[in-house]
Every structure is written in structure tokens, then in C-alpha cells.
Amino acid sequence: MCELTFGLGIFFIVFLRPANCVNFEQTPLLIVNQSSEAKINCKHDDSSLLVMLWYRQQSISLDLIGYSYSGSPPNNEPEFKDRFTQTREKTETGSLTISELVLSDSAIYYCAASTQCHKISFYYPDVTITEPTLKILNTTRCKEKVTLVCVAENFYPDHVSIKWTLGDKEITEDVATDPYATKDENTKMFNISSRLKVSKKEFTPKNTFRCTVTFNNSTHVSEKTVYITGTGGGEYEPEDYLKSSQTMKLAYGVFIAKSALYGLVIFVFVWRKLIFRFPSQAANVTLPKVKILPPSPKEICSQAKINDKRLTLVCVASGFYPDHVSVSWKVNGVERQDSVSTDTSAQQNKTTLMYHISSRIKVNDTDWMDPKSSFTCTVHFFNGEKYVNVTNTINGQKVKPKGLKLLGFGYILFLSKSLLYALVVAGVVCKLKLQRNKKKQLPED
């Protein structure tokens, strides 16, 4: 048993629950398949609580699964050693993992934090370790149920757990076990009881109900079992038929009321949607206009293309009503779904009531620069009666590399400069020749 001053968090129904000024973060409701794995997380905000404990509640009582000190290996109770694993990331956080789930694992799981947790590891010198004595008390009957009481008494210490079985199947419903064993202060011995409610239809001679008590004396784990066989005939009495018919009438009335309420909710929801989608001044049904925008020159010439050899094509569908559309791409007649990004929903112009949507596709630059490549954007539009496909196609375009353009421009500039230089040199040469001829024509003195 553990002596606790603790904060408590419940992990089955979604909520955030503080206890003793300690805040626990919630874990949502877990719905998992059989044979799979479930992980329950626990987190609180008090670093002084060094001990984390895990409990399971399947009826009224709480069963200790195990506990762990911060920085130390976890400890599990004997019946939870196989499929229950505790982990402790740090003082404030931990988790419980349940593997190979079975139906009997359905329960409410509690996480507790404490400054200390002491399993009874000391013994009174005058008290001998004693295994429990078991018995099932006389059954009590009501109209519909039979109550079986399993009593374990005169045992020491109080490390016990109780379970009910029918055949090989453990019973977890309609079971109420004392939350802890009670001690007789005179003898120092402990007693504990568990109650099982069984329907009269099940309490028949063919069914044997077993109560098994697991006892841990800190060095050895033992089990004791006591059983009782049903005595009823399982017959159905007239009053049972009457009550069943009344119950069925009530259930049918509740079903009709719930159906009517559900229908009303659906009607209001659909009515509001219709008003929103088709206001009094709604636009006429209009097919979309589809246009494909080629890659921008900046993207083509960007230095980043050294690492990313893809270009972006944008398909824009505009001026349509209502917004029942989807967009698909084809490259060279083959549908493409990878590297495609489409708006999650069409946007509406509040003035014209028309919608528009866009979709983008990344293609290899080699495909785009091949004039034989074709890129088709198809907008699938529902006009209220049938789907209409509106398409647009653009072909690849051969783009002259920027380096060749610069080289051509430099070559033209070089020729222009060379021509200008030749004209200047020719002018100087002509001038010198003219001056020389004039000197030859002058008479000698």
C-alpha cells in the first residue's frame, strides 16, 4: 500500500484537473483496436513530486499498476508485469504503455504524483506472514441480480489483488472490490472483499464463478481460488416479460425522440448551408475560365536553378459559380499528382459572388524547354446536374540561355568598337598623306 500526498489526473475522459494545487495535463479519450498498443501520457507542473504512480479502475476500486521514482527504474505490481510498461522522461513527465490490448484492458487509468510512496517492507515482530483464507458468502437475491461476495481474511501483509472469472474469461463488469484491505488493530491481520453481480439468467448450474486472490509476501507470489456454481434454472418469469416489454417501449420512445432531434439538427444545418451558398441575390451557374501562366523569366534565370532544376506553372480558374470544382494536371497526356499544389478551397469575390481557384505544378526545366512537351490543366466543374471539364493546354518553350545572350551582345559590342577604331585610324592616315603631298608641291627656295 502507498501513503500518498498527491495530485491526480484521469486519462479516459478529456479534461484538465488540478489537485492539491498541482496541474495535470489531459490525455484525450483513447479508442484503439484489439492486439494494438496504447500509450497514456502524464504531465504535471510540480518538480518536488518525485514519485509517479499509475492506477486502473474497472469498477469502484482502484488497482495499483506500478510506480517509479525520478531517475530510478519503475516497479510494477505482479499482475501488471507482462504488458504494462512505465517510462519516466523526467520528474514532471511520464507515460504508461499497454501492449497487445485485450477487451479487459478497457478502463479508466489514473496518474498520481507524490513526494513519497512506501510499499510495506517492514513487519510487526509478533505477526507471522499469513496467506489469506477465502470463502464466498451466501448469495443475496433480488429480482434480476444475484450478488456473490468473495471474502479474503486473516492475511498479512496486505499485498493482495482479487479477480473474478467465468471459465477462462475474466469478469470486469459489475465487479466492486474494496479499494484497500482493512486491518484488525488487535490481530494486525487484514481483510478484503469483492462483490460480483450476476444476472439470474447466467447463474445456472452450467456456470461456475471463481474468485482468485493473488497474495504477495514480498518474496513470493501465490494464488488461491474459491468457486461457486449457479443454482437457478434460468427460466423467464411473466413479470420479466412485462418489464422487458415496458423497457422496450421506453427504449423505442427514446429512439424516436432522438431520431426526431437528430433530423431537426440536420434540417437546420442544411437550411443554413443553403442560405449561405445560395443567397437571395445568388449568381447564375457559370463555367470557369481556365488560363495557364508559364514560368516567370526571373525563375528561369535565377541562380537557384543550379540546385533546383524545376520550373513552376500556374493554372488559374476564375469567374465561376458555384464553387464545386477540382483541378488536375497532365504532362504529355499523362496525369500527374506529384509536385502539384492546389488551393484547399475556392475563394469568392463578395461583390460579383464569383469564385476563383489556382493550382501549381513543378516540372523539369528540360521538359519545359522542349516545344514538343504539353502541359494540360483540367478543371472539373459541377453545374448542379453533371460534371463539365474545362481544359487549357500550353506547350513548352525553347528559352535561349542567358549566357548565350550575353555572349552575342558582347560580340556585337566588340565589332562596333573595332569598326570605330578602324575609322579613326583611317582618318589619321589620310590626314598624314595629305600633309605630305602638300609639302612636295611647295617650290624650293
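Residues numbered from 1 in each chain as written. Predicted model: local features only at pLDDT ≥ 70, side-chain atom pairs only at ≥ 80, totals over all residues. Heavy atoms only, no water.

### Describing the overall build of the chain
Line of reasoning, step 1. Helix and strand counts for the chain stand at four helices and 29 strands.
Line of reasoning, step 2. Across the 445 residues that make up the chain, the buried fraction comes to 33%.
Line of reasoning, step 3. Across the chain, the fraction of contacts at a sequence separation of at least 24, relative to all contacts at a separation of at least 6, is 63%.
Line of reasoning, step 4. Accessible surface computed for the chain: about 29000 Å², of which carbon and sulfur atoms make up 57%. (Helix = DSSP H or I, 4+ residues; strand = E, 2+ residues; numbered from the N terminus. Buried < 20%, exposed > 50% of the residue type's maximum accessible area, 1.4 Å probe, protein only. Contact = heavy atoms within 4.5 Å. Areas by Shrake-Rupley, 256 points an atom, 1.4 Å probe, with all protein chains shown as cover.)

### Structural notes on the pattern of salt bridges
Line of reasoning, step 1. Counted under the stated rule, the structure contains eight salt bridges.
Line of reasoning, step 2. Salt-bridge contacts for R56 lead to D105; the nearest nitrogen and oxygen are separated by 3.9 Å. Taken as a pair, R56 in strand β5 (residues 51–57) and D105 in the loop between β9 (93–98) and β10 (108–114) lie far apart in primary sequence, 49 residues in all. D105 shares its class with R56; the two are buried.
Line of reasoning, step 3. The salt bridge partner of R195 is D178, with a shortest N-O separation of 3.2 Å. A residue pair is termed long-range when its members are at least 10 positions apart, and R195 in strand β18 (residues 190–199) and D178 in the loop between β16 (175–177) and β17 (182–183) qualify at 17 residues.
Line of reasoning, step 4. For D178, a relative accessible area of 22% translates into the label partly exposed.
Line of reasoning, step 5. One continuous salt-bridge network, built from bridges that share partners, spans R56, R83 and D105. (Salt bridge = Lys/Arg side-chain N within 4 Å of Asp/Glu carboxyl O.)

### Structural notes on the packing of aromatic side chains
Working definition: an aromatic ring pair is given by the centre-to-centre distance plus the angle between the planes.
Line of reasoning, step 1. The full count for this structure, using the stated rule, is eleven aromatic pairs.
Line of reasoning, step 2. Ring centres 6.4 Å apart and planes at 75 degrees place the aromatic pair F155 and F215 in the edge-to-face group. Remark: F215 occurs in strand β19 (residues 208–216) and F155 occurs in strand β13 (residues 145–155); sequence separation between them is 60 residues. F215 matches F155 in its accessibility class, with the two residues each being buried.
Line of reasoning, step 3. Residues W368 and F375 carry aromatic rings whose centres are separated by 5.7 Å and whose planes lie at 45 degrees to one another, so their mutual orientation is tilted. Across the pair, F375 and W368 agree in class, each one buried.
Line of reasoning, step 4. Joined through ring pairs, the aromatic side chains of F155, Y156, F190 and F215 make up one cluster.
Line of reasoning, step 5. When the ring centre of Y227 is taken as reference, the NZ or CZ atom of R210 above it lies at 5.8 Å. (Phe/Tyr/Trp six-rings, centres within 6.5 Å; stacked < 30°, edge-to-face > 60°. Lys NZ or Arg CZ within 6 Å of the ring centre and 35° of its normal.)

### What to know about the sheet that holds strand β14 (residues 160–166)
Line of reasoning, step 1. On the basis of which strands lie adjacent, the open sheet formed by four strands has the order β15-β14-β19-β20 and antiparallel pairing. Edge positions in the sheet fall to β15 (169–171) and β20 (221–229), since each has one partner strand and no second. Ignoring strand direction, the axes of neighbouring strands in this sheet form an average angle of 35 degrees.
Line of reasoning, step 2. As paired elements, β14 and β19 share seven bridges and run antiparallel to each other. Within the sheet, the bridge partner assigned to W164 lies in β19 and is C211. (Pairing = 2+ DSSP bridges. Axes fitted to C-alpha atoms, helices over the stretch in contact; angles between N-to-C directions.)

### Quick notes on the state of the cysteines
Line of reasoning, step 1. For the structure on display, the rule yields three disulfides.
Line of reasoning, step 2. In this model C315 forms its disulfide with C377; the gap between the sulfur atoms is 2.0 Å. Looking along the S-S bond of the C315-C377 disulfide, the torsion reads about -80 degrees, which is the left-handed sense. Within this pair, whereas C315 is found in strand β22 (residues 310–320), its partner C377 is found in strand β28 (residues 374–382), the two being separated by 62 residues in sequence. Each member of the pair, C315 as well as C377, carries the same accessibility label: buried.
Line of reasoning, step 3. Of note for the chain: the bonded cysteines, numbered N- to C-terminal, pair according to 1-2, 3-4, 5-6. (Disulfide = S-S within 2.5 Å.)

Any link to function would need more than the numbers given here.
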